[in-house]
Each structure stands twice: as C-alpha cells, then as structure tokens.
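# Understanding the architecture of this molecule
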Amino acid sequence: KEEKRAETIAKITAKQSEEENNGTKQKNNMVVEETAAGIRLSMRDIRFKPDSDEVLPSESYRLDEIAKVLKMVPDSQFLVEGHTAAVGKPSGEQTLSEQRAKRIAAELSKRGISADKFICKGHGGNKPIASNSTDEGRAQNRRVEITILE
C-alpha cells in the first residue's frame, strides 16, 4: 500500500512542475496531500458562477490537468468533496457544495474518466481551511477536493 501510494505521488509530481508551499506541493492553485484515505488533490479557489455549480470557462485548463492526473491511476475510485465559504445559510451552502462536487465529477467524466469512478459529497462551509473573515480566506475555503481512494 505504501509503495503504491509513493508510486502514485511520484507519477503526479513528475507530471507537474511544482513549488513547495508549506510542506505541500502546489501547481495551478492545486495542492497534493497524503491522507489516511489516499492522495488528495485540492483545487483551491475553484471559480464557479456565483451561487451556482456552473464552472467558469477559465477553469477548463485546471480540469484538464486533474483529468490527466486521475487517468494515471485508472483502477482507482475518486472521492469528490465540495466545500464553500461560510457566508450564507448553512442549508444552502450544503446543497451548493454537493452540486459543485457532482459538477466537477461530470466535467471530469467529459474528459474521459468513467462516471462510476466518482463518489460525491458536499460539506458546505463546515470544514474551512482558512478564516471566512477575509476575501483570501473565503477563496481558499471555496474548493473541491478529490481523493484517490486506496
């Protein structure tokens, strides 16, 4: 298991030119982290139309890059988790985060990854990684995380 994880991380890091960012690898505002469940790719500040699951056209290149990475591990399942900034009603944030996770999975399916590989969840604003009191913090909290499950 450890060997396979190391091999997958090596594939991902070889695929992308990276820079160190507080102990994580970051490219195109994407962070690669090891977790207990598997390798997590976090798309930080992913741009959607406001209060919508519609991905802005400018994000297409990031989705292309994620699809390339996921295609390197064709036998894996992928957990797609949507997160929002905590700025509205919690029930609305929950629904929106679920819709956004499903939309990212659908976009990746359009790029050649089988839809049955994805498990989608939404967390609303319940799992912030930064403060919601600043624009920068809210941007970090608006994210989609994709875990390559082991």
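In short, a report on the structure. It should be emphasised that the depicted structure is a prediction, and the values quoted were computed from it without experimental measurement.

## Description of the packing of aromatic side chains
Scanning the model with the defined rule gives 1 aromatic pair in all. Taking the centre distance of 5.7 Å and the plane angle of 40° together, the rings of F78 and F118 count as tilted. Residue F78 is located in strand β5 (residues 78-83), and its partner F118 is located in strand β6 (residues 118-122); the two are separated by 40 residues in the primary sequence. Relative accessible area serves as the criterion here: at 11%, F118 is assigned to the buried category.

## Section: the nonpolar core
If you look at the biggest cluster of nonpolar residues, it comprises 27 residues, and the most contacted ones within it are L70, I104, L108 and I146. When residues of this core are assigned to their parent elements, the largest contribution, 5 residues, is made by helix α2 (residues 60-71).

## Looking at the pattern of salt bridges
Evaluated as defined, the whole model comprises 10 salt bridges. The partner of R40 in a salt bridge is E33, and the shortest N-O contact between them spans 3.2 Å. Note that E107 is salt-bridged to R111, the shortest N-O span being 3.1 Å. In this structure E107 comes out as buried when scored by relative accessible area, which is 13%. A cluster of three or more residues bridged by salt bridges with shared partners is formed by D64, E107, K110 and R111.

## Considering the pairing of strand β4 (residues 38-44)
In terms of burial, β4 is a largely internal element, 6 of the 7 residues being buried. Strand direction decides the pairing type here: strand β3 (residues 30-34) and β4, joined by 5 bridges, are antiparallel. The residue of β4 that forms the bridge with M30 is M43. In this antiparallel pair of consecutive strands, β3 and β4, the connection spans 3 residues. Here 7 bridges tie β4 to strand β7 (residues 143-149), and the two strands are oriented antiparallel to one another. When the sheet's bridge partners are listed, G38 is paired in β7 with L149.

What counts and what doesn't
Residues numbered from 1 in each chain as written. Predicted model: local features only at pLDDT ≥ 70, side-chain atom pairs only at ≥ 80, totals over all residues. Heavy atoms only, no water. Phe/Tyr/Trp six-rings, centres within 6.5 Å; stacked < 30°, edge-to-face > 60°. Helix = DSSP H or I, 4+ residues; strand = E, 2+ residues; numbered from the N terminus. Buried < 20%, exposed > 50% of the residue type's maximum accessible area, 1.4 Å probe, protein only. Core = buried A, V, L, I, M, F, W, Y, C linked by side-chain atoms within 4.5 Å. Salt bridge = Lys/Arg side-chain N within 4 Å of Asp/Glu carboxyl O. Pairing = 2+ DSSP bridges.

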